[in-house]
Amino acid sequence: MSYPCLEPIYLQRHIDALQTPLGEREVYKSVAYCNRCGACMPICPTYQFYKQEIFSPRGRNQLLQLALDGKIKITSKNQQILDSLRTCTLCGKCSEVCAGQIPTAEHVLEMRRALHKNFLPYLLYLFLHLRTTNPKLFARVTRVALFLRKTGILFILRILQLTRLFGLSFLNYMCHILPAHIVSLRTAFEKAGLNPDNETPKQIYLPSLEAEFLLPDIACKTLDFAQRKARTAVWQNTPCGLFEYVYGDLRCCRRTVRNLIERHEQAGKLPLITDSIDVYYFLKKASQLFAKHPNMAKRARDFSAQVKFVTDILPTPKRTSLLPPVQLEYGSLFERRSQATQQAHQFLFALFGQNLVECLYTDADIPAFGYSFVDKKENARIGAKVIEKLVRTRTNSVVALSGLAALETIYLLKKYKIQTKVAHIVEVIQNR
Amino acid sequence: MEIPLKAVNSLRNIVGATQVCTDTVSLLLNAYDCSRSRMRPDIIVHITQTTQIARVIQVLYKYHIPFVVRGAASNHAGSCSTPNGGAVLQVAALNHILEINTQANYARVEPGVITGQLDETLRPLGYFYAPDPASKSFCTIGGNAAQNASGARCLKYGGTLDHILSVNVVLSDGTSLTLDRSENGPDLVGLLIGSEGTFGVITELKVKILPLPAHIKTFLATFNSLEDCISSVTGLIAKGITPRCVEAMDKRTLNAVEDFAHAGYPKDAEALLLVELDGERTQIEREQLVLEDVLHKHAVQTFRTASTEEERSHLWKGRQAAYSAMARLSSAVLVCDGTVPRSELPRTLRRVQEILTKYDITASLLFHAGDGNFHPQLMFDEQKKTDTRALGQAVKHILQACVDAGGTISGEHGVGIEKRGLMAYQYDRDTLSVFARLKHAFDPDNLSNPSKIIPVNFEEKAEAARPLDVSAQPVLEAFLQAQQTHRPFFITGQNSILQTSEPHRNVPSLNQICDIDLTNYTATVQTGVTLMQLNHALREKNVYSVLPDTPKGTLGGAFSSGQYPDFYADVTGIQAVLPDGTIIRYGGKLTKNAAGYNLIRLFAGAQGIFGWVTQLTFKIYATPPRPLAPRPFIPIEQTRLIKRLKQALDPQQILCVTEKKK
C-alpha cells in the first residue's frame, strides 16, 4: 500500500519509513498514530513559551498530517509554518511522554526537507557541508580559521564588524562558545601518549566533529578508556552523515552513511564507539535511511548493532566520598530514554548517589546540535530556563553527553556568571 | 462565518496583533481536540492576561461572534470544537498559581494551570489537590472545571465539582461575576462546573486543597470472575470503608497491559483489582484486615500488598500503562466513559463485550470499580471509513447500554458535540427543555460554546417525560391552581424553617421512602419525609445518612433551605417539577454524572424558588458518619443571575421568594 508523501517527485529527499520504538512505520502512518491527546504539550520548550498550538509537538504533527492529506502545503512562503519548524529543538522530549512514542522530531525534519530549508546561516552550512563532501579541505579550512582566531585577526574583524559584512556574523557567536585554546587532535594524542593508529584493532573510535576539532580532550579521554578495554583505532575526520540528516540533503546523508557502513564492513564489523549522544542515536537508526533497499537496510542494521556510546567503555565507578551535587544534561537530538542515556544515568548515580540531582520532566535542557545557530532568540530563552533549573537545584556541576552540549552549557554559564562546572561524561572520572 | 475587520482590529487592540490569528494554518491547528471532531474556527485569540477576557468577549458580543474556550484541548468529547465557526479563545497562557493558602486550605489559580503542576507545587507544602484525571499531567484546571473531570480518587474525594470553592466567570455579554459556594442560595458554582463552557468563561478559580495523607498502602487482588471482583468492592463499601482508589480491569486488558508493561500481574485471572487505602497507619492496618476478609469471602485468587513508594509504583505501573499499551497497537484509540450504578457493572460489561464482538472492535476494558465508571478503549483506524462507522455504532450502543442500566453516557468526560445526540436517549424531553432554558438564561444569544450538550431537535428525538407518581400528583395540581388563581405560594414541608403566614403549600403525600439500596448504598426518598422518619428507616437497615436526627424538618427542607450545603455532594439523583408542569429527572444511583447541567446543584439551596423537588436519591453509609450541623437560614439574595434563572424556570412567578430582612 502506498501512502501519501510530502513531495512525490522528490521521494529520494525523504525518509521512506521511520524507525520508531514501536517498529518501522511510513511517515504517513507514523503521524497518524497521534491521538491529539496533548500529553506532549507542557513538556515542549517552545510551547512552554508561546502557548500556541503551532509551536507545540501536537501542532507540528497535525501540520504534517494536514500536509500529507493535501489540506495545506508546506511552503516557505508561510511564515507561521517556517516559525513552527524553525523553533523546534528536535529534542524528542515529546516522544518520551507520548503514549504512542510519536517521533515528532523526525516529522519536523521531514517537513524541513520539504521546505528545502535548513535554517542555518548559509556560509556556516557550506563550511560544515564541506566535511561531508571534502573532509580534507574541511580540516584545512578549520585549521586556517583557528589560526586566524589564535592570531587575533578574527577578533579584529569582529571589532570592525566586518564579519557582518561578509555574512559571517555567526562567527561572533562561535567565538563566544569555543574554548580559548584549541590544540590539534594529533598534538593532543601525542601529549597524552596515545596511539590512534592501531593496525589490528578490536574496536573503532569515531570522534565527533567537536571532539576532533574543538575539544580534543574528550577524544583523548575516550581513546584512553577505549584502549584500556581493547586495542582501538581512531577514524579521524570521518563524517557520519548526521549533519546532512539534520541540515542537509538526505541523498548526501545516505551516501555518507553507506560509505561509513562499507568502511566498517571492510574493517571487520568491529564495535564502533562514539562520544556524542546525537551521533549515537542517529547511527542506531541508520537502517531507516535505506528502508526501500532491504539488503542495504540489513547491512545498516548490522552496522547499528555495533555502534556503542562511551558509557559502554567507561570503568565501573566507585563512590569514595560525598561529592557535590551534579546534574545530567539530557540535551540531545531525537530521544532521551535510550539505553545509552539510562547507562549514563546509572553511571552517575553509582558515582554521586543521592547527589545526582533529578529534575522535573518539564525542566529545560540545552538545545542540541547547533540549534543556537538556527534560532538564536529561542535558544537564549531556553538557555535562561536551563540556568533557572541549575540555580534552583543548586547544582555544582553538569555532565553533558556530547561535546556540543558541553560547549553550549559552558557559554551559558559564562554569560550568566555562574560558577557551575561542565564536563563531558568521559571527563567525570579523571576530573575527580 | 466571516469575522468583520473591525472586530479583528478591536481584538488585536486588546490582546496584541501577534496574538490574533486568522491564517488557514492556525485555524486548522485549532480545529481539533482529543475527540474525532474537527471543526474549523474563524479566528484564534490568544489570551495572555485574565483581564483581557471580559474585553474580548464584549467585542465578540458586539459583533455576535460565537466563541469557544480552549486550554489543553485534551477532552474526549469534542467540547472545544467550533461547529458554527467563530472564535477560539486560547487560555493556555493563563497558567499562574495566584495564591496558596495552607491555613485556609485553598489555592487561587488561573484556568490554564495544569492540574498536575498544581499538585506538584502543593506537594512540598504537604498538601494535594484531590481530583486526579488520568490526563492530569497535561490537562488544565479550567478544562477540568468545564467538564467536571474526575479520576481514580473520585470515590473517596469526589470530582472537580466538590473541590471548587469559587469561580470568576465572564458571561457571553461580557459581564464579570464571582460565584462563591459560601454564599447562600442555589449552588451556582456547582451548576457552572461541568457546563462545558456553555454558560460563560471561567477566568479564575479558588480550589480546595487537602493535607497529604500520612500513609498510603496499595493492594492488588485478582479474581476468577468479574462478578466476584465487583461484589468485593460492594462488600468493602458495605463495611464502611471508602478506599482512596479502586481500579479494575478485565482479562483482555490485563493480558495486553502485562505483555507491554511487565508489571507482574497474574495473566490467568479473569479480573484484577487495585485498591489503595490512605490515612493514619493504625486506620490503614484496621482497614487492611477488613479488606483481606472481604476479598477472601469473594474468592480472591491472588492478593499482594505494597507499602513502599517503589512497590506501589510497580503495582500501578500496569494500570498507568493501559492507555499506552493500546495507543501503541492502533493508530487511534477512542476512550468511552459510560457510568452505571455499581451493581450493574458486571451485566453492563458483559453487554459491552457483546457489542465489541458484534462490531469486531478490539478494546481494553478498564473501570473505576468504586464509581461504576468504565473506560473501554476502542482501537480503530481513523483513515478507514468502515472502521470509523463501526466505531460510531459501537460507541452508541455501549452508551445506550449504560443508560438502559440506569447509568449515564458520561461519568467524567462530558458530552460536548460527540455525545450530544445520545442526550436525547438519556434524558426525556422535559429535562432537556430545562437544560435549554438554563442555557438561554446564562447565554441568551447562544454565543458561549454553542451547539454543545443539548441535542438538536430534542423535542422530536427525546421521549416525553413519564408522568409523576400518584403521591406527587398534588404538586402538579397545586401549580395548576396557582396559575389559574394567579396566587403565588411558598413551598413548605413542616413550615419549620420559613414559618411563614403567607400562602404556602405542602403535599403530605410526598412521604414515601421509595428505595434503600444496600448494593449501591443509595436511598431514594420523597422530599416530604421528615429527617426523623428518614433516619429511623435507615437505621432499621443498619445504614446511615449525613443528615441529623432533628425533630423538625423534612428532607426537602434540608436540601433546599441551604442549611446543609455539605449534603449536596451526597445527592446523586433528583426529581422535581417546575411551576409550568415540566418534570425533571436527573441522575440516579450514580456516583458521578457529567452528562448535562447539574440540576441537583440548581435546586440545592434554592429555597424552592425554581420548582418543587419531589424526590431525592442520595448516598448512605454503612457506618454512622458525623452528622452535619445546620447553618442558620438566610433568605436568598436576588442577584441579576438568579433573577434570570427565575425568569427562565418560573416566568409566571408562581413560587414566592423569601425577602431578605433588612
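Parameters at a glance
Residues numbered from 1 in each chain as written. Chains lettered and ligands numbered in written order. Predicted model: local features only at pLDDT ≥ 70, side-chain atom pairs only at ≥ 80, totals over all residues. Contact = placed C-beta atoms within 7 Å. Helix = DSSP H or I, 4+ residues; strand = E, 2+ residues; numbered from the N terminus. Nonpolar A, V, L, I, M, F, W, Y, C, P; charged D, E, K, R; others polar. Domains from an automatic or database assignment. Pairing = 2+ DSSP bridges. Axes fitted to C-alpha atoms, helices over the stretch in contact; angles between N-to-C directions. Parallel < 35°, antiparallel > 145°, perpendicular 65-115°, else oblique. Left-handed = near helix turned anticlockwise from the far one by under 90°. Buried ≥ 20, exposed ≤ 12 C-beta atoms within 10 Å, placed from the backbone. Arc of directions from axis to C-beta.

**Observations regarding the interface of chain A and chain B**
Then step 1. Counting residues at the interface gives 26 residues for chain A and 29 residues for chain B.
Then step 2. Contributing elements (two or more residues each) for the side of chain A that touches chain B: helix 1 (27–32), helix 3 (57–68) and helix 4 (79–87) of chain A.
Then step 3. Counting residues per element, the side of chain A that touches chain B draws most heavily on helix 3 of chain A, at 4 residues.
Then step 4. Of the residues assigned to the side of chain A that touches chain B, the class counts are 13 nonpolar, 8 polar and 5 charged.

**Looking at the domain arrangement of chain A**
Residue and element names in this part refer to chain A.
Then step 1. Domain parsing of chain A yields domain 1 (8–115) and domain 2 (326–431).
Then step 2. Each of domain 1 and domain 2 has a C-alpha centre, and the two are 25 Å apart.
Then step 3. Contributions of two or more residues to the side of domain 1 that touches domain 2 are made by helix 2 (45–50), helix 4 and helix 5 (93–97).
Then step 4. Among the residues forming the side of domain 1 that touches domain 2, the class breakdown is 7 nonpolar, 5 polar and 3 charged.

**Notes on the sheet that holds strand 9 (residues 397–400) of chain A**
Residues and elements named next belong to chain A.
Then step 1. A sheet is described by the order of its strands in space; here 4 strands give the open sequence 8-7-9-10, paired in parallel fashion. Where the open sheet ends on each side, the last strands, each with one partner, are strand 8 (356–357) and strand 10 (421–424).
Then step 2. Direction of pairing for strand 7 (residues 326–329) relative to strand 8: parallel, over a ladder of 2 bridges. Paired with Val326 across the two strands is Leu356, which belongs to strand 8.
Then step 3. Strands strand 7, strand 8 and strand 9 of the sheet are contacted by helix 19 (residues 339–352), whose axis makes an angle of about 175° with strand 7.

**Side note on the sheet that holds strand 1 (residues 20–21) of chain B**
All names here are of chain B.
Then step 1. Here 4 strands make up an open sheet; going across it, the order is 1-2-4-3 and the pairing mixed. Looking at which strands have only one partner, the edges of the open sheet turn out to be strand 1 and strand 3 (67–70).
Then step 2. Relative to strand 4 (residues 87–90), strand 3 runs parallel, the two being bridged by 4 bridges. In the strand pairing of strand 4, Arg70 is matched with Gln90.

**Notes on the domain arrangement of chain B**
Residues and elements named next belong to chain B.
Then step 1. Its domain assignment divides chain B into domain 1 (5–90), domain 2 (97–211), domain 3 (215–404), domain 4 (420–461) and domain 5 (470–649).
Then step 2. Centre-to-centre separation of domain 2 and domain 5, based on C-alpha positions: 26 Å.
Then step 3. Between domain 2 and domain 5, the residue contacts involve 18 residues of the former and 19 residues of the latter.
Then step 4. The set of elements that each furnish at least two residues to the side of domain 2 that touches domain 5 consists of helix 6 (154–157) and helix 7 (188–192).
Then step 5. The biggest single contributor to the side of domain 2 that touches domain 5 is helix 7, with 3 residues.
Then step 6. The residue makeup of the side of domain 2 that touches domain 5, split by class, is 6 nonpolar, 10 polar and 2 charged.

**Some words on the packing of helix 12 (residues 185–192) of chain A against helix 14 (residues 216–229) of chain A**
Residue and element names in this part refer to chain A.
Then step 1. It is at 9 Å that the axes of helix 12 and helix 14 come closest, and there the two elements cross at 45°. As judged from the angle between their axes, helix 12 and helix 14 are oblique. For helix 12 against helix 14, the interelement crossing comes out right-handed. Taken together, the residues of helix 14 that come into contact with helix 12 (itself represented by Leu185, Ala188, Phe189 and Ala192) are Pro216, Asp217, Ala219, Cys220 and Asp224.
Then step 2. When the residues that make up the contact of helix 12 with helix 14 are grouped by side-chain class, the tally is 7 nonpolar, no polar and 2 charged.

**A few points about unusual backbone geometry**
Residue and element names in this part refer to chain A.
Then step 1. One non-glycine residue, Arg36, lies in the positive phi region at around 60°.
Then step 2. Looking at where Arg36 falls in the secondary structure, it is placed in the loop between helix 1 and helix 2.
Then step 3. Assessed through the 20 C-beta atoms surrounding it within 10 Å, Arg36 is described here as buried.
Then step 4. In the Ramachandran plot, Gln101 falls in the positive-phi region, its phi being about 45° despite a non-glycine side chain.
Then step 5. Relative to the elements of secondary structure, Gln101 occurs in the loop between helix 5 and helix 6 (104–115).

**Thoughts on helix 3 (residues 50–62) of chain B**
Residues and elements named next belong to chain B.
Then step 1. Taken together, the buried positions of helix 3 are Thr50, Gln52, Ile53, Val56, Ile57, Val59 and Leu60. Seen from one end, helix 3 has its buried residues packed into an arc of 155°, which puts them on one side.
Then step 2. Among the structural elements, helix 1 (5–15), strand 2 (43–46), strand 3, strand 4, strand 8 (164–171) and strand 10 (200–208) are those in contact with the buried residues of helix 3.
Then step 3. Two residues or fewer after helix 3 comes His64, characterised by a positive phi angle close to 55°.

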